[in-house]
Amino acid sequence: MRYLTLLLALMLSSQLFAQQPVLISVTEASDSPQISRHIYGHFAEHLGRCIYEGLYVGEENKTIPNTEGVRNDIIEALKELNIPNLRWPGGCFADTYHWKDGVGPKDERPTIVNRWWGGTTEDNSFGTHNFLNLCEVLGAEPYLSANVGSGTVQELIDWVQYTNHDGVSPMADWRRENGREAPWKVKYWGVGNETWGCGGNMTAEYYADIYRQYATFMPGWSGETEIYRIASGASEDDYHWTETLMKNVPYHLMEAVALHDYAVFDWSDKGPSVNFDDEIYFKSMEQALKMEEYVTKHIEIMDKYDPESKVALFVDEWGGWYDAEPEVKNGVLYQQNTIRDVMIAGTVLNTFNNHARRVKMANLAQMVNVLQAVILTDKEKMIKTPTYHVMHMYKVHQDAQLLPSKIEGNMEFRELPSISVSASRDKTGKVHISLVNIDPENEIPVELDVAGLDIKNIDGQILTSDKLQDHNSFDAPEKVTPKEFKGAKLKKGSISLAIPAHSLIVLQGK
Ligand code: AHR
């Protein structure tokens, strides 16, 4: 019996040793699209401690160094990410927000009750000027999400005039009175948010008509500023929504259609952000990987009506969403961020890169202290989450040319594909290949065929940790950080490496 067990163990281990590598080919294609840097966009909503007590500590704050009330440590961290755009003020909050209440002398501003998020009363001290000036400091394009649910067409066109008009006009004059001479030239404008839900509970048909009305009056104040009007889009697999917009809105009125998709497996019991078990991890990844299917199918519909890809797909809310941490005061949607989030971000960003022909923007929800945040704060302390490091490692793909990749013989973590990949060549000629192994237990050997790419040297970085639940905390802020990866061997146009369990690697080839 003992011999039999020994024999079985030997057979199993030799099977493991003989494990065939997953084959991935990465090729150059002259017609492949550029990966828009806007895929690496962010989102900041008036929600929990994202703006107040997070990003914004107020101009009067003497203990936390700030620029116009925005924390300097956050500004520095975001600059390192090269954040290309920032969406604000919501989310659901956007369809309750009246921008005129957030400009002019701060002590004269009315308050607003944040009806969607905890019923907190806000003093409107963070408004249009703070937000647009912050975007300038960051070198990021602002993306304003306008109020359709409880606003008016006039309110929106006044906002466009206020931010973009160079000449003499009532709103441009008011802007100058409020201390800003030059227009900010805001390009990206969302026409409502989740108008099928918190933005007004509209039908797709009704919203398509409303959208046409709003979109008609938006350009005209902007001189040379090109305006991108973004239609409030579908949730997950609501293909009827996308089809209705594509069918009913003339393309000269719409530059992009949005899509929202969160990795949530049960809206009534989302599970903990840290102390999750293997089953919850599997369910989270199952949801995260659905992004590939949703994006593919929404694009198929868009291709049917718009074969020349004039209208872009903007996934302007995405990320992992779990139960909020109970101990944090005013911590609405405040959650920790672990290696699971690294797996979600890496695989989803690979999907966006690979669909770069149509996906031109995406916004991770949300930037500070909310959902899959890149930054968490606790009074004067600030930490970068594991997701921050993914965004940092992947920034090499911003505005690089996509290199199409194909996987053969992928391994499976239960019924999910274990390995995910995307690749690009940047303007200096360097090749970057981002690889994710979501398998929680098994290292996977991979062979990359890069024969046509003329690579002479290879190096890389890896982001992983012993346990899936590992995370950065205010006491251990560097627990999960990228490390140099030396395990990739280049030989005769082929790169071989073994990707450790639950890890993300970005290779650089020169
Ligand atoms: O990001 C949190 C919320 O999720 C947003 O306010 C809303 O648009 C979505 O449902």
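Residues numbered from 1 in each chain as written. Predicted model: local features only at pLDDT ≥ 70, side-chain atom pairs only at ≥ 80, totals over all residues. Heavy atoms only, no water.

Chemist: Where do I start with the site of the ligand in this structure?
Modeler: Surrounding the ligand, one finds 13 residues, the nearest of these being Glu-45, Cys-92, Glu-194, Tyr-262 and Glu-317. Glu-45 places a side-chain nitrogen or oxygen 2.7 Å from an oxygen atom of the ligand. One of the side-chain N or O atoms of Tyr-262 is found 2.8 Å from an oxygen atom in the ligand. For the ligand, the accessible surface in isolation is 280 Å², of which the surrounding protein chains cover 94%. Class assignment of the residues belonging to the shell around the ligand gives a composition of 7 nonpolar, 3 polar and 3 charged. (Near = heavy atom within 4 Å. Polar contact = N/O pair within 3.5 Å; in protein donor to acceptor, adjacent residues only side chain to side chain. Areas by Shrake-Rupley, 256 points an atom, 1.4 Å probe, with all protein chains shown as cover. Nonpolar A, V, L, I, M, F, W, Y, C, P; charged D, E, K, R; others polar.)

Chemist: Even after reading the chapter, I still don't get the pattern of salt bridges, so can you show me in this structure?
Modeler: When the charged atoms of two side chains lie near each other, side chains of opposite charge can form a pair. Within this structure, the stated rule accounts for 22 salt bridges. The partner of Lys-106 in a salt bridge is Glu-59, and the shortest N-O contact between them spans 2.8 Å. With Lys-106 in the loop between β5 (85-88) and β6 (112-113) and Glu-59 in the loop between β2 (41-43) and β3 (66-67), this residue pair connects regions lying 47 residues apart in the sequence. Its relative accessible area of 30% is what places Lys-106 among the partly exposed residues. Across the pair Lys-304 and Glu-243 runs a salt bridge, and its minimum N-O distance is 2.9 Å. Here the residue Lys-304 occupies a position in helix α8 (residues 278-305), and Glu-243 occupies one in helix α7 (residues 239-248), the gap between them amounting to 61 residues. When its relative accessible area of 56% is taken as the criterion, Lys-304 is described as exposed. Connected through shared salt-bridge partners, Asp-303, Asp-306, Arg-357 and Arg-358 make up one network. (Salt bridge = Lys/Arg side-chain N within 4 Å of Asp/Glu carboxyl O. Helix = DSSP H or I, 4+ residues; strand = E, 2+ residues; numbered from the N terminus. Buried < 20%, exposed > 50% of the residue type's maximum accessible area, 1.4 Å probe, protein only.)

Chemist: Got a minute to help me understand the environment of Pro-445 in this structure?
Modeler: Relative to the assigned elements, Pro-445 resides in strand β22 (residues 444-449). The residues contacting Pro-445, other than those within four sequence positions of it, are Gln-19, Gln-20, Pro-21, Val-22, Leu-497 and Ala-498. (Contact = heavy atoms within 4.5 Å.)

Chemist: Please explain the pairing of strand β13 (residues 359-365) as it appears in this structure.
Modeler: On a regular strand, one side chain projects to one face of the sheet and the next to the other, so that they alternate. Most of β13 is tucked away, with 6 of its 7 residues classed as buried. Judged from the 3 bridges that link them, β2 and β13 form a sheet pairing that is parallel. Counterpart to His-42 in the pairing with β13 is Leu-364. Here strand β12 (residues 312-320) runs beside β13; their pairing, made up of 4 bridges, is parallel. Bridging across to β13, Leu-313 finds its partner in Val-359. (Pairing = 2+ DSSP bridges.)

Chemist: I'm lost on the sheet that holds strand β17 (residues 405-408) in this one. Help?
Modeler: Pairing between the strands of a sheet comes from backbone hydrogen bonds, and it takes one of two forms, parallel or antiparallel. Taken in spatial order, the 5 strands make up an open sheet running β17-β1-β22-β26-β25, and their pairing is mixed. Single-partner strands in this sheet number two, and they are β17 and β25 (489-491). Taken over all neighbouring pairs, the strand axes of this sheet differ in orientation by 20° on average, direction set aside. Sheet topology note: the β22/strand β26 (residues 494-499) ladder contains 6 bridges and is antiparallel. The residue bridging Pro-445 from the neighbouring strand is Ala-498, located in β26. (Axes fitted to C-alpha atoms, helices over the stretch in contact; angles between N-to-C directions.)

Chemist: I'm lost on the packing of helix α4 (residues 153-164) against helix α5 (residues 170-177) in this one. Help?
Modeler: Two numbers describe a pair of packed helices, the interaxial angle and the distance between the axes. Interhelical geometry of α4 versus α5 gives an angle of 55° and a closest axis separation of 7 Å. One way to sum up the angle between α4 and α5 is to call them oblique. For α4 against α5, the interelement crossing comes out right-handed. Together, Asp-158, Gln-161, Tyr-162, Thr-163 and Asn-164 of α4 and Pro-170, Met-171, Ala-172, Trp-174 and Arg-175 of α5 make up the contact between the two elements. Here the residues of the contact of α4 with α5 sort into 5 nonpolar, 3 polar and 2 charged. (Parallel < 35°, antiparallel > 145°, perpendicular 65-115°, else oblique. Left-handed = near helix turned anticlockwise from the far one by under 90°.)

Chemist: Quick question: what am I supposed to make of the confidence of the model for the protein here?
Modeler: Note that predicted coordinates carrying low pLDDT should not be read in detail. Looking at the protein, pLDDT values average 95 and 95% of them are 70 or higher. Element-level pLDDT for the protein is lowest in helix α1 (residues 2-17), with a mean of 48, against a maximum mean of 99 in helix α10 (residues 386-394). In the model, residues 10-17 has pLDDT below 50 throughout and makes 0 contacts with residues more than four positions away in sequence or in other chains. (pLDDT = per-residue confidence, 0-100.)

Chemist: Help me out: how do you make sense of the nonpolar core in this one?
Modeler: Side chains that are nonpolar tend, in soluble globular proteins, to be buried together. Trp-318, Phe-352 and Leu-504 are the most contacted members of the largest nonpolar core, which totals 122 residues. Sorting elements by how many residues they give to this core places α8 first, with 9 residues. In this structure Trp-318 touches Asp-261, Tyr-262, Met-291, Ala-345, Val-348, Leu-349, Phe-352, Ala-362, Asn-363, Leu-364 and Ala-365, once residues within four positions along its chain are discounted. In this structure, Val-26, Leu-448, Val-450 and Ile-495 belong to the second largest nonpolar core, which totals 25 residues. (Core = buried A, V, L, I, M, F, W, Y, C linked by side-chain atoms within 4.5 Å.)

Chemist: Quick question: what am I supposed to make of the environment of Glu-443 here?
Modeler: Counting through the fold element by element, Glu-443 comes out in the loop between β21 (431-437) and β22. We classify Glu-443 as partly exposed; its relative accessible area is 48%. Sequence spacing of Glu-443 and Tyr-211 is 232 residues, and the spatial spacing of their C-alpha atoms is 49 Å. If sequence neighbours within four positions are ignored, Glu-443 has contacts with Gln-19, Asn-437, Ala-498, Ile-499, Pro-500 and Ala-501.

Chemist: Explain the state of the cysteines here, please?
Modeler: Disulfides are covalent bonds that link the sulfur atoms of two cysteine residues. Per the stated rule, a full pass over the model turns up 1 disulfide. A sulfur-sulfur separation of 2.1 Å characterises the disulfide bridge that pairs Cys-92 with Cys-198. Every disulfide takes its handedness from the sign of the S-S torsion; for Cys-92 and Cys-198 that torsion is -85°, giving left-handed. Here the residue Cys-92 occupies a position in the loop between β5 and β6, and Cys-198 occupies one in the loop between β9 (188-191) and α6 (204-217), the gap between them amounting to 106 residues. Note on accessibility: Cys-92 and Cys-198 belong to one class, buried. Not part of a disulfide, Cys-50 finds its nearest cysteine sulfur in Cys-135, a span of 12 Å. On the accessibility criterion, Cys-135 (1% relative accessible area) is buried. (Disulfide = S-S within 2.5 Å.)

Chemist: In this structure, what is going on with the packing of α6 against α7? I would like to understand it.
Modeler: The contact between α6 and α7 brings their axes to 9 Å, and the two run at 40°. By the angle class used here, α6 and α7 are oblique. Of the two possible hands of crossing, α6 and α7 adopt the one that is right-handed. Where α6 abuts α7, its residues Ala-204, Glu-205, Tyr-207, Ala-208 and Arg-212 lie against His-240, Trp-241, Thr-244, Leu-245 and Asn-248. Looking at the contact of α6 with α7 residue by residue, the classes come out as 5 nonpolar, 3 polar and 2 charged.

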